Structure formats: C-alpha cells, structure tokens
Amino acid sequence: MLITLLPQRKQIEIEGRRRVADILCQLGLLPGTVMVIRGDTLVTDEEVVEANDAIEIRTVISGG
Amino acid sequence: MMKCKRCRSKAEVQVRHHNAAFCRPCFLFFFQRQVQRSIEKHRMFTAQDDILVAVSGGKDSLALWDVLIELGYRTVGLHLALGIGEYSRISTAKTVDFALRRDVRLITIDLGADGVAIPTLARFTNRPACAACGTTKRHHFDRVAFENGFTVLATGHNLDDEAARLLGNVMHWQVHHLAKQGPVLEPVHERFARKVKPLYRISEYETAVYAFFRGIDYIIDECPNSEGATQLAYKDVLNRLEAVMPGTKLTFVQDFLKSGRHAFSASSDGAPQSCEVCGMPSFGTLCSYCRLRREVERRQATWKTPRAASGGG
C-alpha cells in the first residue's frame, strides 16, 4: 500500500494488507493524533487497508 | 464493523474520550450539539450578539466559524496576514476563499503593509517569533473588536490547546494565568470584548474531522515558527496519556474548571489601565504591543543610521 504523510509530504510503501491500528503502531503514531483517509472517507482503527490501496495519514496536532 | 452510536450504520470516526463512534451525518450533529452546549452552559453569547471570530486559515478557527454560521449566529471573521512567507500567503488565501464561498464578511489586516510583520518583530526585538505573534494577535483582536463594536471575540482554541496550556501553567505554577484560564474571559476594561472559546471541550482530532467532513479547505502545513514549540511538547505528553487513558485531557480541563480554578482566583492581575499611545488595556504606561513596536522602531533606527551615513557620503 502507498501511504502519503501530511503535512510532511512524504510517501512510504508497506507490503501486504494491514489493520489501520497496526499501520499507526508501525509508524509510531498515536491514535487521535492523525486522520487516516482513503479516497474521500475516513478509516477507523479496526478497518483493514488492502495491499493495493492508497491512504493519506494527516497529522491533526498543531502548536505554537 | 464499528457502528455509529446514534443510528447503528457503519461508523466513519471514533471518538475515544466519549467511548463512541459515529457515521458522518451523526458526527456532524454530535459536533454541532457539543459546541451549542458549551455556548449555552457558559453563556458565551446569544443569537443577538455580534461575534468577531479570529480566523487563521487553520482547521480549528475555520471549523469554529463554520459551525457558528451553521448554528445561525451573527459572525464576522478577522484574519491577520502575519507576513510569514508562503505559510501566511496560503493561510490568507484559504481564509478569504472560505469567506467568499459562504458569503460572510471578513476583516483582513496585513501586518506587512503596516511594517510590523512577525519576522520583522522577531528580528528587531530578539524575542521568539511566537511571543511577538501572540502579543500582536491579542492587540489586533481586541482593537478590531472594540473599534467595530463587537461585544464577543471567539477563538478556535480546542481541548488539546486548553489541556496543553493548563499543563504548562501548572508545571510553572503560573498562578495569574491559572486564575484566568477558562472558556470565557469577561472584560475587565471598557475596550475589551468578552473572549470565548466554544471549542474548548472538543479535541483537535474532532475539529480536524469536522473540517474534513464539511469540505473546509484549511492550511495543513504547520507554521514554520512552531517547530520545537513548548506547546507541542505538552501536547505530546498529554497524547501519550490519552492513548492509554482515553478521556484524560477532557477530565484534566473540566475538573480544573470545576474544582481547581477557584483556588487561584485571588491571584488575578486585577483591572488594567489604558495604554497612553493606543488607549488599549495595559498593565503599564504602554501596552505590550506598543512596547514591542517602540522597540522595533528604536532598533530599526539604529540599524539604518550607519548605513545611511556610509551610503550618503
């Protein structure tokens, strides 16, 4: 699967299908700090992202 | 399959601190109802008030403006073009676009045109850009509200902002700040409007989801000056606690307001005087913003003098 990280504008690829919660854990991201977007919908932590899917992980934490 | 708490259809968003999940329409209903409840519980304003909404172009302030419009309140936006390069240009463009699409009034102040863009203030005062930015924002928010007759000034501070601020105030025992921290700050000077934070019980995640669901085109990039900001460190600590104990941030803030804040009420700063330059509230002869501007003007003059001397010879 292809993952686009925003606002970093970084792209990474992960092999195989995975639960969203496992993807976030692998990337060291805490739940509630990012939105996981597939197409024009959000994906909850327990949903599975297929190997050929493209998702966007968008940070929601801002500071300053 | 995770189901919506209200209608039992497939959920699209999980709100852990409420132990709930929602489909898109039910989340939007839930979000708007939460905002309305906060407004009513703290008597922030009514449908008869004219509300000035501070909008940066980010998700929180645009989500706030959007929900207040949807709830039928009379609002006008106020945007400061901070002059922080491409970041500010995009922020202003997105704010202007939001106002145009909804046909609502927006007041924009271009700090660069006034010679006091944030990078200029930071450069000539040796202060952190965020400190200069905060002082500048507060001054213009108060000034514009007063000059245009707004009785209420609304900002998009969310639960994460409030929890991080509370943690910072506790860590440094900022008793004067603890006395004032809350969703409503009543005016203590004739030129102050009532300051309100209708999103104070709503997490940063929820405002981002609301903005996404509503199709709000907000700036995703972070302010370049926020890198290493202490507020982000506090937020990170709180998010780690929240991950293992959902509801920590909400409890921290709500219980402070309910049981903790009154203990600091005697530490309040008291009523301010008026700045002798601009007339806005001040705790000295000059307000913080006029002091900042004076410092910049003084240092700019000393910078220009040697150049003018060498260039003119």
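For the structure itself, consult the block above.
Residues numbered from 1 in each chain as written. Chains lettered and ligands numbered in written order. Predicted model: local features only at pLDDT ≥ 70, side-chain atom pairs only at ≥ 80, totals over all residues.

**Brief notes about the overall build of chain B**
Move 1: Along the backbone of chain B there are 11 helices and 10 strands.
Move 2: Expected size for 313 residues packed as a compact globule is a radius of gyration near 20 Å; at 21 Å, chain B falls within 12% of this value.
Move 3: Overall, the C-alpha framework of chain B stretches about 80 × 45 × 40 Å when taken along its three principal axes.
Move 4: In chain B, of all internal contacts separated by at least 6 residues, the share reaching a separation of at least 24 is 68%. (Helix = DSSP H or I, 4+ residues; strand = E, 2+ residues; numbered from the N terminus. Rg over C-alpha atoms; globule rule 2.2 N^0.38 Å. Contact = placed C-beta atoms within 7 Å.)

**What about the overall build of chain A?**
Move 1: Broken down by element type, chain A carries 1 helix and 7 strands.
Move 2: Seen in sequence order, chain A has helices and strands lined up from the N terminus as β-β-β-α-β-β-β-β.
Move 3: In terms of overall size, chain A behaves like a compact globule, its C-alpha atoms giving a radius of gyration of 11 Å where 64 residues would be expected to give roughly 11 Å.
Move 4: Dimensions of chain A along its principal axes, counting C-alpha atoms only, are 40 × 25 × 20 Å.
Move 5: Split into buried and exposed, the 64 residues of chain A put 20% on the buried side.
Move 6: The contacts in chain A between residues at least 6 apart in sequence include a share of 57% that link residues at least 24 apart. (Buried ≥ 20, exposed ≤ 12 C-beta atoms within 10 Å, placed from the backbone.)

**Focus on the interface of chain B and chain A**
Move 1: Facing the 29 residues of chain B at the interface are 18 residues of chain A.
Move 2: Elements represented by at least two residues in the side of chain B that touches chain A include exactly β1 (13–15), α8 (204–213) and α9 (230–244) of chain B.
Move 3: If you tally residues by element for the side of chain B that touches chain A, the top one is α9(B), at 7 residues.
Move 4: The residue inventory of the side of chain B that touches chain A, partitioned by class, reads 14 nonpolar, 7 polar and 8 charged. (Nonpolar A, V, L, I, M, F, W, Y, C, P; charged D, E, K, R; others polar.)

**A short note on the nonpolar core**
Within soluble globular proteins, side chains that are nonpolar generally end up buried alongside one another.
Move 1: Among the nonpolar cores identified, the biggest contains 68 residues, and Phe22(B) and Val53(B) are the most heavily contacted of them.
Move 2: Broken down by element, this core gets its largest block of residues, 7 residues, from α8(B). (Core = buried A, V, L, I, M, F, W, Y, C linked by C-beta atoms within 7 Å.)

**Examining the packing of helix α1 (residues 24–41) of chain B against α8(B)**
Residue and element names in this part refer to chain B.
Move 1: Taken N-terminus to C-terminus, the directions of α1 and α8 make an angle of 125 degrees; their axes are 10 Å apart at the nearest point. Here α1 is positioned oblique relative to α8, judged by the angle of their axes. For the pair α1 and α8, the sense of crossing is left-handed. Facing α1, whose interface residues are Arg24, Phe27, Leu28 and Phe31, α8 presents Glu206, Val209, Tyr210 and Phe213.
Move 2: Grouping the amino acids of the contact of α1 with α8 by side-chain chemistry returns 6 nonpolar, no polar and 2 charged. (Axes fitted to C-alpha atoms, helices over the stretch in contact; angles between N-to-C directions. Parallel < 35°, antiparallel > 145°, perpendicular 65-115°, else oblique. Left-handed = near helix turned anticlockwise from the far one by under 90°.)

**As for helix α3 (residues 85–102) of chain B**
Residue and element names in this part refer to chain B.
Move 1: The first and last C-alpha atoms of α3 sit 27 Å apart over 18 residues, in line with the 26 Å expected at 1.5 Å per residue.
Move 2: On its buried side, α3 packs onto α2 (59–70), β4 (74–81) and β5 (106–110).
Move 3: With its phi angle positive at about 55 degrees, Asp103 sits one or two positions after the end of α3. (Expected span 1.5 Å × (residues − 1).)

**What to know about the sheet that holds strand β3 (residues 50–54) of chain B**
Residues and elements named next belong to chain B.
Move 1: Across the sheet, 6 strands lie side by side as β5-β4-β3-β6-β8-β7; this open sheet has mixed pairing. Where the open sheet ends on each side, the last strands, each with one partner, are β5 and β7 (184–185).
Move 2: Pairing of β7 with strand β8 (residues 194–196), which is carried by 2 bridges, proceeds in the antiparallel orientation. Counted as the bridge partner of Val184 is Val196 from β8.
Move 3: Set on the sheet, α3 makes contact with β4 and β5; between it and β4 the angle comes to about 160 degrees. (Pairing = 2+ DSSP bridges.)

**Quick look at the pairing of β5(B)**
Residue and element names in this part refer to chain B.
Move 1: In the sheet, β4 pairs with β5 via 5 bridges, with the strands oriented parallel. Residue His79 lies in a different strand from β5, and its bridge partner there is Thr108.
Move 2: For the handedness criterion, the β-α-β arrangement of β4, α3 and β5 is classed as right-handed. (Right-handed = clockwise from strand over helix to strand, strands pointing away.)

**What to know about the sheet that holds strand β4 (residues 34–38) of chain A**
Residues and elements named next belong to chain A.
Move 1: The strand order across the open sheet built from 5 strands is β2-β1-β7-β4-β5, with neighbouring strands paired in mixed fashion. In the strand order of this sheet, the two ends are held by β2 (10–13) and β5 (41–42), each with one partner.
Move 2: In this sheet, β2 lies alongside strand β1 (residues 2–6) in antiparallel orientation, the contact comprising 4 bridges. Residue pairing for β2: Ile3 is matched across the bridge by Ile12.

**As for the environment of Ala193(B)**
Residues and elements named next belong to chain B.
Move 1: With respect to the helices, strands and loops of the structure, Ala193 is situated in the loop between β7 and β8.
Move 2: The class of Ala193 is buried, set by 24 C-beta atoms lying within 10 Å.
Move 3: Here the alpha-carbon distance between Ala193 and Ala21, two residues 172 residues apart in the chain, equals 37 Å.
Move 4: In this structure, Ala193 is in contact with Leu52, Ala145, Phe146, Phe150, Thr151, Val152, Leu153 and Pro187, ignoring residues within four places of it in sequence.

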